[in-house]
Amino acid sequence: MTDLPASAAPAAPALAAAALAVPAYGPPTAAPAVPTRALWLTGAEPGPGPLDAFLDALRASGDPAADDDARGIGRAGLGRQARAFFAALAPDPMMSGTAVTPALPVALRRMEADPQFAPLVAHLRTRLRLCPTCDGVHRPAWIDRARVLAGQRAFMTRMLPSVLVLLCKSLPEGYAAPGMAEVLNLSGELARRPYHRLMGTLQLLVTVCTPGSFEGPHFPAFVAAEQMRLLHASIRSVVAPRATEPVRMPVEWEGEGLAGPEYEVWPGYAAFVAGGAGRAPRLPINHEDMLGTIIGFSLLVVDGLEELGIPFTPAEAAAYYEVWRTFGVLMGIHPPGHVDEPGYFPPDLEAARAMYAAYKRRNYVGPEQVRAANRAPARAANPAGYALASSHVHMLGHLLQHATRTTWIPESWWTRVPRFYVRTLAGEAGYARLGLPDDGVHGLLRLVLLRLPRAWARLFRRTDSVVHAALSRWLLSALVAEVYGGPVAYPVPDTLDDLRAFVRAAPGRAPVQ
């Protein structure tokens, strides 16, 4: 790692030897060619097609440069300092008061004087390609700044409904992919304590989608992208290879009054990368899964808002997709060594929809496990995803009870509300695929929940969009402060215990510990 001085790095642990003891399934010898738009569109075909060869290559691909950086940070013992480092660079968690934080170049110059942060400053300067004379961040020429800004402004007019879609469609649908769910569960803690991921995701959503986040003087989207790159790289290349033993846990939050059986939610690193039993070999946090996640944050939000009756216009939807396409490339989803090449992303929403259809076919629990009356096959086929989905809706129900101060209403009743929205937004097959209970809300409450997002949108359509954005940011900021106590900053974990400690510990007043 060139940006960490050799003198700062003690002898590396015997990780390379340990990694060689498991099946080798690393990056392909040659990077796959950038697909044409016509190739992306073949993903809509019902069975395997020409796009699958490219997606197979992405499934075997990580981010070698970021992996090297993460290992170097770990060798230098800077993983925990990285969390404080990024927290110090972050503006207000919901971007409502950037004046409290110095501009990025100023902050870096101040931190450079601290020996514990100097290597991290050097790393960030290199990765963001900060101009040595103007202190500006290098922006790849392909970024359409006007379109990104238009997409961010469109999001601001529908912020809270978009958050609803993210929580009840984008995130739960991701749990239907066993390979993704197993990586999320490798610490054995996230399904029990999902608050960190929820707060971090909300913070990321608003950081990326706030107008100006790709601009100076703070460049928060660039900083957030690098923070996520290092977190993913450390889990992929350092933590996961050390998670050699399977992780088993009971699912305690079925919403049916019963604790579930104990499930294997992480098979161990060797079994994960080797595949088998109907699972394809794959790297943890590979490019295919990362691409599917980013498209879930963009395409699925576009689709979910349409299902709620408050759609983007076609131009707004295309611009909103461009926001996440830009962020995804900055986060490392690009050909190796070509940070200015966006070709690993579908170029537009139609191509993204085709790609996501292929991703679902390749990765989601199959139709043979989807049963309207019997959830057991879906739970058995994807226990890690079921554990995450179950705890996710339980957590949302708890937050609703906590926010409304209605402790006299059973939490199990509140949990029906997010389950209703998951079922509405993901569809019957998508809901059954998660293995969640076959229950719901009825009558007047169902009508109210269906109309509530549209009523909210109509209310603020008649007011200044700035007022809507400010109120939405304030509500989300209050939620993060109440639940988590401050901005979510990630470490660069070097061990499984580091990852567990991060998931377990909350600096604020989490309602559930």
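The structure we're discussing is the one just above.
Notes on the overall build of the protein
Turning to step 1, where the next piece is worked out: Looking only at helices and strands, one finds 22 helices and 2 strands in the protein.
Turning to step 2, where the next piece is worked out: Each of the 513 residues in the protein was classed as buried or not, and the buried ones make up 57%.
Turning to step 3, where the next piece is worked out: Contacts in the protein between residues far apart in sequence, at least 24 positions, make up 77% of those at least 6 positions apart.

Details of the packing of aromatic side chains
Turning to step 1, where the next piece is worked out: Applying the stated criterion across every chain yields a total of 16 aromatic pairs.
Turning to step 2, where the next piece is worked out: Where F85 meets F117, the ring centres are 6.0 Å apart and the plane angle is 40°; that geometry is what we call tilted. Taken as a pair, F85 in helix α5 (residues 79-89) and F117 in the loop between α6 (104-112) and α7 (118-128) lie far apart in primary sequence, 32 residues in all.
Turning to step 3, where the next piece is worked out: Residue classification places F85 among the buried positions, given a relative accessible area of 1%.
Turning to step 4, where the next piece is worked out: On the basis of relative accessibility, which here comes to 11%, the residue F117 falls in the buried class.
Turning to step 5, where the next piece is worked out: Seen from their ring centres, W413 and W414 are 5.2 Å apart, and the 80° between their planes marks the pair as edge-to-face.
Turning to step 6, where the next piece is worked out: Judged by relative accessible area, which is 34%, W413 ranks as partly exposed.

Digging into helix α19 (residues 411-433)
Working note: α-helix, 3.6 residues per turn, so residues spaced by three or four point in the same direction.
Turning to step 1, where the next piece is worked out: Between its first and last C-alpha, α19 extends only 24 Å over 23 residues, short of the 33 Å set by a 1.5 Å rise per residue.
Turning to step 2, where the next piece is worked out: Its maximal kink placed at G427, α19 deviates by approximately 120°.

Some details on unusual backbone geometry
Turning to step 1, where the next piece is worked out: The phi dihedral of I285 is positive, around 50°, even though this residue is not glycine.
Turning to step 2, where the next piece is worked out: Within the element layout of this structure, I285 appears in the loop between α13 (269-274) and α14 (287-307).
Turning to step 3, where the next piece is worked out: For R405, which is not glycine, the phi torsion reads 55° and is therefore positive.
Turning to step 4, where the next piece is worked out: Turning to its location among the elements, R405 is positioned in the loop between α18 (383-404) and α19.

Overview of the pattern of salt bridges
Charged atoms that come close allow side chains of opposite charge to pair.
Turning to step 1, where the next piece is worked out: Within the structure shown, the criterion is met by 24 salt bridges.
Turning to step 2, where the next piece is worked out: The shortest N-O distance in the salt bridge between D340 and R129 comes to 2.9 Å. Within this pair, whereas D340 is found in the loop between α15 (314-330) and α16 (349-363), its partner R129 is found in the loop between α7 and α8 (145-156), the two being separated by 211 residues in sequence.
Turning to step 3, where the next piece is worked out: We classify D340 as partly exposed; its relative accessible area is 35%.
Turning to step 4, where the next piece is worked out: Take R129: its relative accessible area is 35%, and that puts it in the partly exposed class.

Some details on the packing of helix α3 (residues 51-59) against α16
Turning to step 1, where the next piece is worked out: Axis separation between α3 and α16 bottoms out at 11 Å; the angle between their running directions is 65°. On the basis of the axis angle, α3 is roughly perpendicular to α16. Considering the relative orientation of α3 and α16, their crossing is right-handed. Contact residues: α3 offers L51, D52, L55, D56 and R59, while α16 offers M355, A358, R361, R362 and N363.
Turning to step 2, where the next piece is worked out: Within the contact of α3 with α16, the residues separate by chemical class into 4 nonpolar, 1 polar and 5 charged.

Comments concerning the pairing of strand β1 (residues 247-250)
Turning to step 1, where the next piece is worked out: Burial along β1 is one-sided: the residues V247 and M249 are buried and none of R248 and P250 is.
Turning to step 2, where the next piece is worked out: Pairing of β1 with strand β2 (residues 262-266), which is carried by 4 bridges, proceeds in the antiparallel orientation. Note that in β2 the partner of P250 across the bridge is E262.

Some remarks on the environment of H394
Turning to step 1, where the next piece is worked out: Considering the arrangement of structural elements, one finds H394 in helix α18.
Turning to step 2, where the next piece is worked out: It is 8.8 Å that separates the C-alpha atoms of H394 and R416, two residues lying 22 residues apart in sequence.
Turning to step 3, where the next piece is worked out: At 2.9 Å, the side chain of H394 and the side chain of E411 are in polar contact.

Concerning a nonpolar patch on the surface
Turning to step 1, where the next piece is worked out: Taken together, the side chains of L444, L447 and V448 present a nonpolar region at the surface, about 280 Å² in accessible area.
Turning to step 2, where the next piece is worked out: Locating L447 in the fold gives a position in helix α20 (residues 443-461).
Turning to step 3, where the next piece is worked out: The partly exposed category is assigned to L447, whose relative accessible area is 39%.

Thoughts on the nonpolar core
Nonpolar side chains in soluble globular proteins tend to end up buried together.
Turning to step 1, where the next piece is worked out: Within the largest apolar cluster, 145 residues are counted, with the highest numbers of intra-cluster contacts made by F85, L186 and F327.
Turning to step 2, where the next piece is worked out: Tallying contributions element by element places helix α12 (residues 220-242) first for this core, with 12 residues.
Turning to step 3, where the next piece is worked out: Discounting residues that sit within four places of it in the chain, L186 has contacts with I235, V239, A240, A243, V247, W266, L496 and L499.

What about helix α9 (residues 159-175)?
Turning to step 1, where the next piece is worked out: Along its 17 residues, α9 runs 23 Å from first to last C-alpha, staying within 8% of the 24 Å computed at 1.5 Å per residue.
Turning to step 2, where the next piece is worked out: At L166, α9 shows its largest bend, some 40°.
Turning to step 3, where the next piece is worked out: The buried fraction of α9 is high, at 16 of 17 residues.

So, the environment of P410
Turning to step 1, where the next piece is worked out: Note that P410 resides in the loop between α18 and α19.
Turning to step 2, where the next piece is worked out: The sequence separation of P410 and G397 amounts to 13 residues, and the corresponding C-alpha distance is 9.8 Å.

Observations concerning the packing of α18 against α19
Turning to step 1, where the next piece is worked out: One way to put it is that α18 packs onto α19 with a least axis distance of 7 Å and a crossing angle of 120°. With respect to α19, the axis of α18 lies oblique. Seen from above, α18 lies across α19 with right-handed handedness. Taken together, the residues of α19 that come into contact with α18 (itself represented by V393, H394, L396, G397, H398, L400, Q401 and T404) are E411, W414, T415, V417, P418, R419 and V422.
Turning to step 2, where the next piece is worked out: A breakdown of the residues in the contact of α18 with α19 according to their chemical character gives 7 nonpolar, 6 polar and 2 charged.

Rules used throughout
Residues numbered from 1 in each chain as written. Predicted model: local features only at pLDDT ≥ 70, side-chain atom pairs only at ≥ 80, totals over all residues. Heavy atoms only, no water. Helix = DSSP H or I, 4+ residues; strand = E, 2+ residues; numbered from the N terminus. Buried < 20%, exposed > 50% of the residue type's maximum accessible area, 1.4 Å probe, protein only. Contact = heavy atoms within 4.5 Å. Phe/Tyr/Trp six-rings, centres within 6.5 Å; stacked < 30°, edge-to-face > 60°. Expected span 1.5 Å × (residues − 1). Bend = angle between axes of the 7 residues up to and from the residue. Salt bridge = Lys/Arg side-chain N within 4 Å of Asp/Glu carboxyl O. Axes fitted to C-alpha atoms, helices over the stretch in contact; angles between N-to-C directions. Parallel < 35°, antiparallel > 145°, perpendicular 65-115°, else oblique. Left-handed = near helix turned anticlockwise from the far one by under 90°. Nonpolar A, V, L, I, M, F, W, Y, C, P; charged D, E, K, R; others polar. Pairing = 2+ DSSP bridges. Polar contact = N/O pair within 3.5 Å; in protein donor to acceptor, adjacent residues only side chain to side chain. Patch = residues over 30% accessible without salt bridge, like charges linked within 9 Å, V, L, I, M, F, W, Y side chains within 5 Å. Areas by Shrake-Rupley, 256 points an atom, 1.4 Å probe, with all protein chains shown as cover. Core = buried A, V, L, I, M, F, W, Y, C linked by side-chain atoms within 4.5 Å.

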